[in-house]
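A look at the structure
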Amino acid sequence: MMKRKNSSGTGPDVVLIGAGIMSATLGVLLKELQPDITIEIFERLDVAAAESSDAWNNAGTGHSAFCELNYTPELPDGSIETSKAVSIAESFEISKQFWAYLIENNLIEIPESFIRSTSHMSFVWGEKNVDFLNKRYAALTNCHLFKGMEYSENPEQLEDWMPLIMDGRDKSQKVAATRMDIGTDVNFGELTRCMFNHLKEMDGVTLHFNHEVRKLKRQPDNSWRLKVKDLSSGNKRKVYTSFVFIGAGGGSLALLEKSDIPEGKGYGGFPVSGQWLKCTNPDVIQQHQAKVYGKAAVGSPPMSVPHLDTRMINGKRELLFGPYAGFSTKFLKKGSYFDLPSSIKIGNLRPMMAAGIKNIPLTKYLINQVRQSPEDRLAALREYYPNARSEDWELEKAGQRVQVIKKDPKHGGVLEFGTEVVSAADGSIAALLGASPGASTAVSIMLTLLGRCFKDEINSKEWQTKLKQMIPSYGESLGENGQLLEEVREHTSEVLGLKNMKQVQK
Ligand SMILES: Cc1cc2nc3c(=O)[nH]c(=O)nc-3n(C[C@H](O)[C@H](O)[C@H](O)COP(=O)(O)OP(=O)(O)OC[C@H]3O[C@@H](n4cnc5c(N)ncnc54)[C@H](O)[C@@H]3O)c2cc1C
């Protein structure tokens with residue numbers, strides 16, 4: 001790496017703000033690409049991955065678009081749009097290749113602590129939804145990324161795939177499901193902590209917990225000065241660096257605003273909180289072995305798609321249903337109720353108002369979700385698990401998502417449900433906004449960031465060779481190259497201890 005200069009002549013080459021999966025991924029990538037790079041990481045909490053990346057705060061789905069119906073919208077002409085599904089499936093293959101590299105090179109250990117095979121299924125009822133699922137199945141299985149997917153409308157078959165969901169269901173109801181056996185459940189919290197455990201042992205890397213980044217200021221030479229507060233001692237310090245990654249999850253927007261870069265102007269955030277029902281009855285937990293995603297109710301946001309999920313958290317099998325969406329003005333689970341009001345600035349007022357006006361039904365939906373009684377929540381669960389008993393379930397708080405609001409020339413402002421890398425033109429700072437598809441695509445997102453902020457380095461022979469070594473499919477399309485997909489899937493499934501494609505292909 002060409003060593004960039006910062007005005008103090010001291011300080012690390014890189015500062016990562018936040019110890020979630022995004023900073024962990026970027027830190028490990030950079031250290032592999034450029035072993036002599038120096039990195040300081042600041043995290044306001046006392047442990048890594050305690051916000052969205054923690055296993056209990058997200059759904060742990062290795063998003064591959066096998067079962068998430070919102071990634072394949074139906075177009076007005078009745079056809080199914082598959083481009084987003086293909087891109088998400090490709091991104092997850094990239095993540096798996098990188099994780100396999102980390103395991104093979106002893107950078108992290110024990111894949112079963114963070115990833116395992118779990119069938120991904122979609123389940124729908126009613127004529128219209130069955131028709132949609134059938135078309136989706138036909139459209140997706142045209143692409144080799146989705147080969148091996150099964151489809152059935154036969155209740156007996158479905159009973160075998162998802163007994164809890166079929167037991168006690170109205171026999172006259174038309175139902176259908178798809179099943180993909182190479183789906184995964186991922187403990188992103190564990191993975192993140194493994195990556196930080198490796199990073200902090202490396203020369204030139206320092207990880208500071210209980211340190212909150214309060215301010216960022218661009219220096220005359222385009223490097224950055226950060227003001228950081230040690231929350232345990234109350235001491236403040238200044239840190240100088242030539243590159244900053246704002247990987248602060250829900251805290252990223254506030255820091256991007258403080259950086260004052262023109263590229264960050266006009267962004268706002270819309271917080272959506274979540275809750276799960278967690279099963280406490282081991283007999284029930286044992287009867288379900290899949291992630292079963294349904295169809296979001298008409299008018300509800302994509303992230304509220306209900307799913308009944310087998311999870312493996314800290315070596316224990318769990319069963320979760322949700323998420324139930326909600327509204328809170330906090331941007332982080334351990335954030336402040338002032339997060340939303342204080343994020344509103346002159347620069348983003350118009351986009352925020354325009355997005356607010358356009359999304360009144362969403363706000364109403366979220367407020368209704370907050371007002372749900374335990375009986376309402378049980379009724380929603382019983383749509384998926386008809387014999388559910390309230391005494392077998394308890395309510396858990398999920399992580400906080402901050403959806404991106406951005407300027408839009410036509411509407412003034414729009415609300416987006418994806419993630420967005422916002423970077424300065426000179427590549428000296430980048431922030432990650434948004435939450436979906438999230439942790440599963442962390443590696444692809446960080447590769448995008450490297451392409452924007454380390455333009456010269458990424459095109460160098462050294463970085464290109466290393467990237468190919470870490471991600472054998474780097475630079476190629478797995479959606480187009482079936483042979484390569486087969487090879488990388490076979491390799492990653494072997495290293496990560498996952499079900500092999502050959503075992504499930506018909
Ligand atoms: C309910 C829910 C379900 C989800 N389900 C899935 C799923 O099934 N699959 C999937 O792939 N993704 C899922 N996601 C998305 C995924 O969890 C996130 O995309 C991912 O964890 C974001 O990682 P991050 O590193 O950006 O943020 P985080 O993990 O939130 O980390 C940010 C860190 O920055 C710290 N921080 C904030 N401000 C400061 C500051 N000023 N100074 C220092 N530190 C700071 C925070 O304390 C935190 O530790 C889900 C998210 C939610 C909320």
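Residues numbered from 1 in each chain as written. Predicted model: local features only at pLDDT ≥ 70, side-chain atom pairs only at ≥ 80, totals over all residues. Heavy atoms only, no water.

As for helix α13 (residues 442-453)
The terminal C-alpha atoms of α13, which comprises 12 residues, lie 16 Å apart, in line with the 16 Å expected from a rise of 1.5 Å per residue. A442, V443, S444, I445, M446, L447, L449, L450 and C453 are the residues of α13 that are buried. (Helix = DSSP H or I, 4+ residues; strand = E, 2+ residues; numbered from the N terminus. Expected span 1.5 Å × (residues − 1). Buried < 20%, exposed > 50% of the residue type's maximum accessible area, 1.4 Å probe, protein only.)

Remarks on the packing of helix α1 (residues 21-33) against helix α6 (residues 188-200)
The packing of two helices is summarised by the inter-axis angle and the distance between the axes. Contact pair α1 / α6: the axes reach a minimum separation of 9 Å and the direction vectors enclose 40°. Here the hand of the crossing between α1 and α6 comes out left-handed. When α1 is examined against α6, the residues I21, S23, A24, T25, G27, V28, K31 and E32 are found in contact with a partner set consisting of F188, L191, T192, M195, F196, H198 and L199. In the contact of α1 with α6, the residues fall into 8 nonpolar, 5 polar and 2 charged. (Axes fitted to C-alpha atoms, helices over the stretch in contact; angles between N-to-C directions. Left-handed = near helix turned anticlockwise from the far one by under 90°. Contact = heavy atoms within 4.5 Å. Nonpolar A, V, L, I, M, F, W, Y, C, P; charged D, E, K, R; others polar.)

A look at the sheet that holds strand β9 (residues 211-218)
Within the open sheet, the 3 strands sit side by side as β9-β10-β11. Their pairing is antiparallel. Looking at which strands have only one partner, the edges of the open sheet turn out to be β9 and β11 (236-241). Put simply, the sheet's adjacent strands are angled 25° from each other on average, direction ignored. Here strand β10 (residues 224-230) runs beside β11; their pairing, made up of 6 bridges, is antiparallel. Following the sheet pairing, R225 is matched in β11 by Y240. Across the sheet, helix α7 (residues 252-259) lies against β9 and β10, angled at about 30° from β9, the strand it touches most. (Pairing = 2+ DSSP bridges.)

Things to note about the pairing of strand β2 (residues 39-42)
The alternating pattern of β2 places I39 and I41 and E40 and F42 on opposite faces, both of which are buried. By the bridge criterion, 4 bridges tie strand β1 (residues 14-17) to β2 in an arrangement that is parallel. Note that in β2 the partner of I17 across the bridge is F42. Running through α1, the crossover from β1 to the neighbouring parallel element β2 is right-handed. Where β2 lies against strand β8 (residues 205-208), 4 bridges are found, and the strand directions are parallel. Bridge pairing in β8 places I41 opposite L207. (Right-handed = clockwise from strand over helix to strand, strands pointing away.)

Observations concerning the site of the ligand
Of all residues adjacent to the ligand, which total 36 residues, the nearest are E43, S53, T61, V213 and S440. Backbone polar atom of I21 to an oxygen atom of the ligand: 3.1 Å apart, as the coordinates give it. Backbone polar atom of A59 to a nitrogen atom of the ligand: 3.0 Å apart, as the coordinates give it. The protein chains hide 96% of the 1000 Å² of surface that the ligand would expose on its own. Going through the elements one at a time, α1 and β9 are the ones with two or more residues in the shell around the ligand. Looking at the shell around the ligand, the element that brings in the most residues is β9, giving 3 residues. (Near = heavy atom within 4 Å. Polar contact = N/O pair within 3.5 Å; in protein donor to acceptor, adjacent residues only side chain to side chain. Areas by Shrake-Rupley, 256 points an atom, 1.4 Å probe, with all protein chains shown as cover.)

Overview of the sheet that holds strand β21 (residues 429-434)
Reading across the sheet, the 6 strands line up as β8-β2-β1-β12-β21-β20 and stay open at both edges, with mixed pairing between neighbours. Every other strand in the sheet has two partners, leaving β8 and β20 (419-423) as the edge strands with one partner each. Neighbour-to-neighbour, the strand axes of this sheet turn through a mean angle of 15°, independent of strand direction. Each of β1, β2, β8, β12 (243-246) and β21 touches α1; the most contacted strand, β1, lies at about 160° to it.

Thoughts on a positive patch on the surface
Together, K215, K227, K236, K238, K258 and K345 make up a region of like positive charge exposed at the surface. Among the structural elements, K238 can be located in strand β11. Residue K238 is classed as partly exposed on the basis of its relative accessible area, which comes to 48%. (Patch = residues over 30% accessible without salt bridge, like charges linked within 9 Å, V, L, I, M, F, W, Y side chains within 5 Å. Salt bridge = Lys/Arg side-chain N within 4 Å of Asp/Glu carboxyl O. Lys, Arg positive; Asp, Glu negative; His and termini not counted. Charge placed at Lys NZ, Arg CZ, Asp CG, Glu CD.)

Considering the environment of V175
As for its placement among the helices and strands, V175 is situated in strand β6 (residues 175-180). Overall, the relative accessible area of 3% leaves V175 in the buried class. Ignoring sequence-local partners within four residues, the contact set of V175 consists of F123, V124, W125, V130, S152, E153, L158, M166 and R169.

Observations concerning the nonpolar core
Grouped together as the largest cluster of nonpolar side chains are 60 residues, with contacts concentrated most on F98, W99 and L450. Residues contacting F98, with those up to four places away along its chain left out, are T25, V28, L29, M195, V443, M470 and I471. Formed by 36 residues, the second largest nonpolar core is a distinct cluster that contains V244, L255, Y267 and I405. (Core = buried A, V, L, I, M, F, W, Y, C linked by side-chain atoms within 4.5 Å.)

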